[in-house]
Each structure stands twice: as C-alpha cells, then as structure tokens.
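Notes for the structure review
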Amino acid sequence: MVLARPRGLLTAESFWSENADGIEETLRGTSVLFFLHQVPGLCEELEVYRRWAAEAFVRGVILVNPLVDDPRPALLNELGLATLHAGVEQAVPDTASIVSDNAESTRGVMERLHELGHERIARVSGPEHLAHTLIRDTVARRVAQELGVELRIVPGDYSEASGQRATAELLKLPAAARPTAIIYDNDTMALAGLATASALGAVVPDDVSLVAWDDSSSCQLASPPITAIAQDVHAFGRTIAECVLRIESGQTSFEVPEPAHHWLRRASVAEVTPQP
C-alpha cells in the first residue's frame, strides 16, 4: 500500500495506523507480507508502482483513496500488478473491490442535524482531488436542497491549519449566515475547529455544533467530546487483508462492503432551540 500524504499528516491521524494494524493482524501467520510506503504526492506514488513492478518487489497493490480522474488503475493494469480497490463508491468491473458508503453516510449526518433543528450547516471538506470528497460534497448539496438547509462548503486538506482557518472563516460570518453546525472531513480538522471556536469565544455546542468524520481517542477525550461519523477502522483493515488473501487464492473479481459508518452523538452536538 502506498499513501500519498503531505509530510507529518500521516502521524497526525489515527485512521491509517489503526487500518494497518487490522491488516497486519489478519495477515500474521500467512505467507503474505504487507508493506506500507508513504510518499508526498501522486507523481511519486506512480513512480513507486513502476519501480516495484520493474524490480518484481510486490505481486499486488492495495489501492486506497480513489482520486477524481484517477490514473492509477490503468497504470497498475499495464504493469500487471494485482489490485485491490479499497474504498471505491462503486465496484470496479472485473477486479476486487471494497465498496464505501460515503453517499449514504453523508445523507445520514445531514438528516440527523436537520432533525435537531440545524438549518445552516457547513462542511469543511478534505482535499478536492479525492473522489470521496467530491461524493460527500455532491450528496451534501443534494440533501441540503431537499431539506431546505443552507449549506456552505469550505475546502480543507485534513491538516490542523486548514481546520483552524476554515472554522475562523465560518464563525466570523454575520450572525444570520453563521452555521449552527460544522461537519469536518477528519478528526484533526474537527479538533482544530474546537480549539479555534473556543479562542473566538464561541461555546460548543451552545453556539455551534461540531461533527468529525471518523472517530478517534482524541475526539472521545476532547472537551466537550466530539460527535463522530464513526467506522470500525481496525475492522476495515481486517476486511482489506481478507480480500488480499482471497486474491492470493485465485479470486480476482469480487465485491465486498467496507464496515458501515454510524452516528456517534456526543456533547459537541446540541439541538437548536427555535427562536420565538
């Protein structure tokens, strides 16, 4: 598996360490060795695949973080490397795919916030080149229109700095336009948002509710604890490893779901009291 992440971001998130732990746990004692390599960007990732194929270093690749207009599947096919597509929204024909539930999860969090009275909602998104960011943005806009909710999307990049910047931008809006709930695309940005809200004098959840996509111990220990769109990331890693073993046994075309996301409400989310 190759992770294209800016330097320092991998250690700031617990998602991929928990995921890798699940993979390693399931592969332990088998003939399959798991190798995780981090690079700073897409160009370096593509070069790694070319080098691995030329050196016969690996037999297959776990492809994660599907991209908009993703060049990687065609290259891996050309290089003859077996590929597991993990986290795609739709199964890739004639390959092994783990299918995500981003669309359903996005609809779910928008509907829950609306049920709690939130009519102005913001999304602090992940990187725009990631396919799941586009899916979440698209579905959030669609659901907002259906529910009559005012939605504002601020691009982020998963970093603490982008969480701080986006939160400050949103909370400095005029009161009539200021969101009453903010959904962040990862826990790092949500935690930065919590700190920024406090620095600006906004009380969570009285003034603004906060939600993190993916849970972490940091979200659980925050004050107040942060509501999460949670997934069993360790189980996701085990699912990946189980699929790898199926590929090793000769099964090259199948589809399985990734572990579902679920709503974990904590004290960072409150009901909006209707104004008299």
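Above this text you will find the structure in question.
Attention in this report is confined to the structure presented alongside it. Position numbers for residues count from 1 along each chain, tracking the sequence in the order it is written. With pLDDT at 70 or above as the cut-off, local features in this predicted model cover only qualifying residues; side-chain atom pairs require 80 or more to be listed or tallied, and sums for whole chains, interfaces and linings still use all residues. The side-chain values count all of the structure's non-hydrogen atoms but skip hydrogen atoms and water molecules.

Section: the sheet that holds strand E11 (residues 254-257)
- The pairing criterion for strands is at least two bridges between them, as found by DSSP. A run of DSSP states H or I qualifies as a helix once it reaches four residues; a run of E qualifies as a strand once it reaches two. Both are numbered from the N-terminal end. Strands sit in the order E3-E4-E5-E11 across an open sheet of 4 strands; the sheet is parallel. Among the strands making up the open sheet, the edge pair consists of strand E3 (60-63) and E11. With strand direction ignored, the average angle separating the axes of adjacent strands in the sheet is 15 degrees.
- Across 4 bridges, E3 lies against strand E4 (residues 82-88) in parallel orientation. Counted as the bridge partner of glycine 60 is alanine 82 from E4. Each axis is a line fitted through C-alpha atoms, and for a helix only the stretch in contact is used; angles between axes span 0 to 180 degrees, taken between their N-to-C directions.

Considering the pattern of salt bridges
- By convention in these notes, a salt bridge is any Lys or Arg side-chain nitrogen within 4 Å of a carboxyl oxygen on Asp or Glu. For the structure shown, the criterion picks out 10 salt bridges.
- Where arginine 72 meets aspartate 70, a salt bridge forms, and the shortest distance between an N and an O atom there is 2.9 Å.
- Exposure is judged per residue with a 1.4 Å probe applied to protein chains only, and the accessible area is read against the type maximum: over 50% gives exposed, under 20% gives buried, and values in between give partly exposed. According to the relative accessible area criterion, arginine 72 is buried, its value standing at 2%.
- Residue classification places aspartate 70 among the partly exposed positions, given a relative accessible area of 21%.
- Between arginine 107 and glutamate 146 there is a salt bridge, and its shortest N-O distance comes to 3.0 Å. Remark: glutamate 146 occurs in helix H6 (residues 131-147) and arginine 107 occurs in helix H5 (residues 102-115); sequence separation between them is 39 residues.
- Given the relative accessible area of 26%, arginine 107 is considered partly exposed.
- You can call glutamate 146 partly exposed: its relative accessible area is 48%.
- Several salt bridges share partner residues, and in doing so they unite Arg123, Arg136, Asp137 and Asp185 into one network.

Looking at the packing of helix H3 (residues 42-55) against helix H4 (residues 72-79)
- Contact geometry for H3 and H4: axes closest at 10 Å, N-to-C directions at 10 degrees. Between H3 and H4, the crossing angle belongs to the class labelled roughly parallel. Taking contact as the criterion, the partners of Leu42, Glu45, Leu46, Tyr49, Arg50 and Ala53 in H3 are, on H4, Arg72, Leu75, Leu76 and Leu79.
- In the scheme used here, Gly and all other residues not listed as nonpolar or charged are polar, with Ala, Val, Leu, Ile, Met, Phe, Trp, Tyr, Cys and Pro taken as nonpolar and Asp, Glu, Lys and Arg as charged. Split into classes, the residues belonging to the contact of H3 with H4 amount to 7 nonpolar, no polar and 3 charged. Comment on the angle field: the value is read as roughly parallel under 35 degrees, roughly antiparallel over 145, roughly perpendicular from 65 to 115, and oblique elsewhere. In what follows, a contact means two residues having at least one pair of non-hydrogen atoms within 4.5 Å.

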